[in-house]
Amino acid sequence: MENEKIVTRVLEANAESLKRIEHIEKKRFAFDALLKVVNEKEYFLGITGLRGIGKTVLLLQLARDAGGVYFSADDRELRGVDLYDIVKALSEAGHPLLFVDEIHSKSKWDGDLKTIFDEKLARVIFSGSSAIQLKTLKADLSRRVVIEHLRPASFREWLAIKKGIIIPKLTLSNLIKTKAEIARKYGHVNVHLPEYYESGGVLYNAKTYFYKTIISTIETIASKDLSSARGFDKDTEENFFKLLQVVGTSKPLELSYSKIGDAIGKNKVWVMRFLYNVEKTEAIKKVYSCGASSKSHRKEAKFYLPFPYRSALCASQGKQPDKGALREEFFVNHLDCCYFRTSGDPTPDFKYEGMTFEVGGKNKKNTQGADVVVTDTLDTSGNKIPLFAIGLL
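Since the model is a prediction, treat every value here as computed from it, not as a measurement.

Undergrad: Explain the pairing of strand 3 (residues 97-101) to me, using residue names and the numbers behind them.
TA: Within strand 3, five of the five residues are buried, which leaves the element mostly enclosed by the surrounding structure. Taking every second residue as pointing to the same face, both faces of strand 3 are buried, with Leu97, Phe99 and Asp101 on one and Leu98 and Val100 on the other. Sheet analysis places strand 2 (residues 69-72) next to strand 3, joined by four bridges and oriented parallel. Paired with phenylalanine 71 across the strands is valine 100, a residue of strand 3. With helix 4 (residues 83-92) bridging strand 2 and its parallel neighbour strand 3, the resulting β-α-β unit is right-handed. Two elements, strand 3 and strand 4 (residues 123-128), share four bridges in a ladder whose sense is parallel. Counterpart to valine 100 in the pairing with strand 4 is phenylalanine 126.

Undergrad: How would you explain the state of the cysteines if you had to name every residue and give the values?
TA: Summed over the entire model, instances satisfying the criterion amount to one disulfide. Across the disulfide from cysteine 290 sits cysteine 338; the S-S distance is 2.0 Å. Its torsion about the S-S bond being 95 degrees, the disulfide of cysteine 290 and cysteine 338 is classed as right-handed. In this pair, cysteine 290 sits in the loop between strand 7 (285-288) and strand 8 (301-304) while cysteine 338 sits in strand 9 (residues 338-339), placing the two residues 48 residues apart along the sequence.

Undergrad: Lay out the environment of alanine 89 in plain terms, naming residues and giving numbers.
TA: Its location among the elements puts alanine 89 in helix 4. Residues alanine 89 and lysine 5 lie 84 residues apart in sequence; the distance between their C-alpha atoms is 9.4 Å. Residues in contact with alanine 89, not counting those within four places in the same chain, are Asn3, Ile6 and Val7.

Undergrad: Please set out the packing of helix 13 (residues 236-248) against helix 16 (residues 309-316) residue by residue, giving values where relevant.
TA: In the contact formed by helix 13 and helix 16, the axes pass within 9 Å of each other and the chain directions differ by 100 degrees. Looking at the two axes, helix 13 sits roughly perpendicular to helix 16. Across the interface between the two elements, Leu244, Gln245, Val247 and Gly248 of helix 13 pack against Tyr309, Arg310, Leu313 and Cys314 of helix 16. Split by residue class, the contact of helix 13 with helix 16 holds five nonpolar, two polar and one charged.

Undergrad: Break down the environment of glycine 324 for me, with residues and values.
TA: As for its placement among the helices and strands, glycine 324 is situated in helix 17 (residues 323-334). Judged by relative accessible area, glycine 324 falls into the partly exposed class, the value being 22%.

Undergrad: Give a description of the packing of aromatic side chains that names residues and reports values.
TA: Counted according to the given criterion, the structure contains 18 aromatic pairs. Seen from their ring centres, tyrosine 197 and phenylalanine 330 are 6.3 Å apart, and the 75 degrees between their planes marks the pair as edge-to-face. You can see tyrosine 197 sitting in helix 11 (residues 193-199) and its partner phenylalanine 330 sitting in helix 17, a full 133 residues away along the chain. Accessibility classification places tyrosine 197 together with phenylalanine 330 in one group, the buried group. Taken together, the ring pairs connect Phe155, Trp158, Tyr196, Tyr197, Phe307 and Phe330 into an aromatic cluster. The side chain of lysine 27 reaches across the aromatic face of phenylalanine 31, ending 5.1 Å from its centre. Positioned above the aromatic ring of tryptophan 270, the side-chain terminus of lysine 266 is 5.0 Å from the ring centre.

Undergrad: With reference to specific residues and values, describe the sheet that holds strand 1 (residues 44-48).
TA: Pairing is parallel across the open sheet formed by five strands, whose spatial order is 2-3-4-1-5. Whereas interior strands pair on both sides, the edge strands pair on one side only; in this sheet they are strand 2 and strand 5 (145-149). Along the sheet, successive strands turn relative to each other by an average axial angle of 20 degrees, direction set aside. Sheet analysis places strand 1 next to strand 4, joined by four bridges and oriented parallel. Across the sheet, residue threonine 48 finds its bridge partner in strand 4, namely glycine 128. Across the sheet, helix 3 (residues 55-66) lies against strand 1, strand 2, strand 3 and strand 4, angled at about 170 degrees from strand 3, the strand it touches most.

Undergrad: Now, about the sheet that holds strand 12 (residues 372-375): what can you tell me, with residues and values included?
TA: In space, the five strands of this open sheet follow the order 9-10-11-12-13, with mixed pairing throughout. Each having just a single partner strand, strand 9 and strand 13 (384-386) make up the two edges of the open sheet. Both strand 11 (residues 355-360) and strand 12 contribute to a ladder of four bridges, which runs parallel. Looking at the pairing, glycine 360 lines up with threonine 375 of strand 12. Helix 17 contacts strand 10 (350-352), strand 11 and strand 12 of the sheet and is inclined by roughly 145 degrees relative to strand 11.

The rules behind the values
Residues numbered from 1 in each chain as written. Predicted model: local features only at pLDDT ≥ 70, side-chain atom pairs only at ≥ 80, totals over all residues. Heavy atoms only, no water. Buried < 20%, exposed > 50% of the residue type's maximum accessible area, 1.4 Å probe, protein only. Helix = DSSP H or I, 4+ residues; strand = E, 2+ residues; numbered from the N terminus. Pairing = 2+ DSSP bridges. Right-handed = clockwise from strand over helix to strand, strands pointing away. Disulfide = S-S within 2.5 Å. Contact = heavy atoms within 4.5 Å. Axes fitted to C-alpha atoms, helices over the stretch in contact; angles between N-to-C directions. Parallel < 35°, antiparallel > 145°, perpendicular 65-115°, else oblique. Nonpolar A, V, L, I, M, F, W, Y, C, P; charged D, E, K, R; others polar. Phe/Tyr/Trp six-rings, centres within 6.5 Å; stacked < 30°, edge-to-face > 60°. Lys NZ or Arg CZ within 6 Å of the ring centre and 35° of its normal.

Geometry only, nothing functional implied.
Listed below in structure tokens is the structure:
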């Protein structure tokens, strides 16, 4: 493809894409920090994260504010053109700052980035949903690229962007000390918890076909991300759905590799490799047992989903999501905690920063001896704190 055709296509697509975000004024909380990295001009910047959480819009906003050129690596009209050739053509045409979406769509993208960096052709800011590939950057490229991880929108960020409710970030110690004041001051957002369960995490509008869009995203993860991993067969997509459906339509489960293998008809070694790659896509969150060794904790994990996967998966099967699972999912998606394995005696659910937590509904009692009881009410008596406040941390 001739250089002038490459440049023309990219600039036309850039203008079209920027026009699509003209009405989007609000930005992800990570925007300012990422823009600072862009403006420092020292490294390339890569943004990874779960599909469908707003990386494309974020990249376009960065391109607009920094004065760069945006293009998607999976543009149909640029198929067959190497990343290096696209960047070289744009650089020679006077465009030194480029924002590349879905960079993993190009073969040899990592090698091309290394060459682009070494030849100082242009600065490249890129995003990719295929965490399987982006998280296995070669050592020589990792010294040239800063990789930043974009998480699904927290409850606090979702409130700011979707509801226009701005709440300062809390610390856990401050929450424990001033829980009654926090309940009084911010308790009005507690009513939004059910909606966050149903459509939180992502930031596009929850319209009629919202859940179909979520299911479509899950299908893309299976067909493009997981299927690109070595050693997987044509049944990968089906097995991926089986796993997510088991997790999404059940109460929080502690699943061993053997149990998962029985459910999808695969041996333990295959399941270990499968889950390793599923975790990289971030379509599943594994919470390990407290105190487990690095070897044994692989068998001692509970499986949770990002929002709103559980609601979407249940809706696709005409089921209602388990409320207890949604509460626990909210907790573990906001705090990187470990869980307590039950051995007959009542134990708390989770441990975080040296404190133990029990998560439940309005009638939850502290029968497990937890330091903190977290409920989806505004009750702050005894050692109780509201669940919504965990989403403000």
